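Coordinates in review
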Amino acid sequence: TNISESATGLPFGGEAPYIKKTAMVTRAGIKIGLMGIAEDWLDNCSQLQENEKGLLELQAEDFIEAGKKAAADLRRQGAQVVLCIAHSSCENDRKLAKAVPDID
């Protein structure tokens, strides 16, 4: 949800329909909103390259702000449950859970 390609702004990994910032599924009649959030680890990743403008190939939006926006958007789309898969420290997972009550 919060990691994107610097040059295009597209989600990390490519374009829709295969790569999406969020997704909605229905299981047993329950609408479930899905998102993935990562803390900003990009500066520590030795495999990322800079582009011709000196920017890293990827950019990270603040994980809490991105979580708030994504969860609210999923709720507006009718999600009864919002699940977040986070790639971050336990401390930042707790911060995200506390700051974004729309995440179940």
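Use the structure listed above.
Note that the structure is a prediction, hence the values are computed from the model and not measured.

Tracing the backbone through its elements, the reader meets Asn 92 in helix α2 (residues 90-99). On the basis of relative accessible area, Asn 92 is assigned to the buried category, the value being 11%. If we skip the residues at most four places from it in the chain, Asn 92 touches Glu 39 and Phe 63.

Let's shift gears to the packing of helix α1 (residues 63-76) against α2. Contact geometry of α1 with α2 gives a least axis separation of 10 Å together with a crossing angle of 40 degrees. As the angle between them shows, α1 and α2 are arranged oblique. In the packing of α1 onto α2, the handedness of the crossing is right-handed. Taken together, the residues of α2 that come into contact with α1 (itself represented by Phe 63, Ile 64, Gly 67 and Lys 68) are Asn 92, Lys 95, Leu 96 and Ala 99.

For strand β2 (residues 22-27) and strand β3 (residues 30-38), the ladder comprises six bridges, and the chain directions are antiparallel. Counted as the bridge partner of Val 25 is Ile 32 from β3.

Reading the values: rules and limits
- Residues numbered from 1 in each chain as written.
- Predicted model: local features only at pLDDT ≥ 70, side-chain atom pairs only at ≥ 80, totals over all residues.
- Heavy atoms only, no water.
- Helix = DSSP H or I, 4+ residues; strand = E, 2+ residues; numbered from the N terminus.
- Buried < 20%, exposed > 50% of the residue type's maximum accessible area, 1.4 Å probe, protein only.
- Contact = heavy atoms within 4.5 Å.
- Axes fitted to C-alpha atoms, helices over the stretch in contact; angles between N-to-C directions.
- Parallel < 35°, antiparallel > 145°, perpendicular 65-115°, else oblique.
- Left-handed = near helix turned anticlockwise from the far one by under 90°.
- Pairing = 2+ DSSP bridges.

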